[in-house]
Each structure stands twice: as structure tokens, then as C-alpha cells.
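Here is how the chains run, residue by residue.
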Amino acid sequence: MPTEPLSADDIEAGLRELPGWQLEGDRITRTYRLPNHFAAAGLTVHVAQIQEELNHHSDLTLGYNTVALAVNSHDAGGAVTSKDLALAARVEAIAAGHGAR
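Residues numbered from 1 in each chain as written. Predicted model: local features only at pLDDT ≥ 70, side-chain atom pairs only at ≥ 80, totals over all residues. Heavy atoms only, no water.

In the nomenclature of an unreviewed UniProt entry, the chain corresponds to Putative pterin-4-alpha-carbinolamine dehydratase from the organism Streptomyces silvae. UniProt, in its Catalytic activity (unreviewed entry) section for the chain, records the words "(4aS,6R)-4a-hydroxy-L-erythro-5,6,7,8-tetrahydrobiopterin = (6R)-L-erythro-6,7-dihydrobiopterin + H2O". In the Sequence similarities (unreviewed entry) part of its UniProt record, the chain is described as follows: "Belongs to the pterin-4-alpha-carbinolamine dehydratase family." (UniProt positions renumbered as here; feature names shortened; annotations may be inferred.)

Peer 1: I'd like a description of the pattern of salt bridges, backed by residues and values.
Peer 2: Under the definition given, this model contains six salt bridges. Two residues, glutamate 12 and arginine 16, come together in a salt bridge whose shortest N-O distance is 3.2 Å. You can see glutamate 12 and its partner arginine 16 sitting in helix α1 (residues 8-16), four residues apart, about one turn around the helix. Exposure remark for glutamate 12: the relative accessible area of 48% places this residue in the partly exposed category. Residue class for arginine 16 comes out exposed when judged on its relative accessible area of 58%. Between aspartate 26 and arginine 27 there is a salt bridge, with its nearest N and O atoms 3.8 Å apart. Judged by relative accessible area, arginine 27 falls into the partly exposed class, the value being 25%. Through salt bridges with shared partners, a single ionic network connects Asp26, Arg27 and Asp59. (Salt bridge = Lys/Arg side-chain N within 4 Å of Asp/Glu carboxyl O. Helix = DSSP H or I, 4+ residues; strand = E, 2+ residues; numbered from the N terminus. Buried < 20%, exposed > 50% of the residue type's maximum accessible area, 1.4 Å probe, protein only.)

Peer 1: Provide a residue-level description of the environment of glycine 20, including the pertinent values.
Peer 2: Take glycine 20: it is sitting in the loop between α1 and β1 (22-24). C-alpha separation for the pair glycine 20 and tyrosine 32, spaced 12 residues apart in sequence, amounts to 8.6 Å.

Right, here's the structure in full:
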């Protein structure tokens, strides 16, 4: 069963709870800065584990000391859904533990 797209108001309300996350086109995005490449790689692996657990996957980009995520729901035609906000919240909850800011 496909997930329903969120309204613009629902997306805005959800993003208020997720500092640093923003709507860019049809996705919610965030770039984290980390102390070094090793910390960034660790965060990337941790995010990948969460995505597997949720069976919901973002575009995940590892830079030297950055990790960028861009997420929307393919099963909702590329729209933002509650699954995207839930993934963002899970990532937000673990990011600081890796030294992300």
C-alpha cells in the first residue's frame, strides 16, 4: 500500500521539529558537518543501518567531513511522506553522537 504524500503545512510542521532539515523541491534535505572523515564514514554506516531497519532509503552522500541526505518516498510518486520525516528524526537522534553539527 503506497504512503500518502504530506501537505505543505504538514511538511512545514514536521520540519520545525528537525533543526537543519529543509524542503528542497520534492525532498527534505540536511547536510551534517563532522570533525573528520572517519566520523563522517561512521555516521554514514549508522544511517545506512537505520535505513535498512526502516526499509526506507535516502540519497546518502559521504564527503570528506560531511554527510548529506536527501529523502522522499518513491511509493508516493516522489513526494514527502511521514516515512521521510520519521527517517529524518531517527538520523537527527544519532547524529550528535558522531560529532555532527
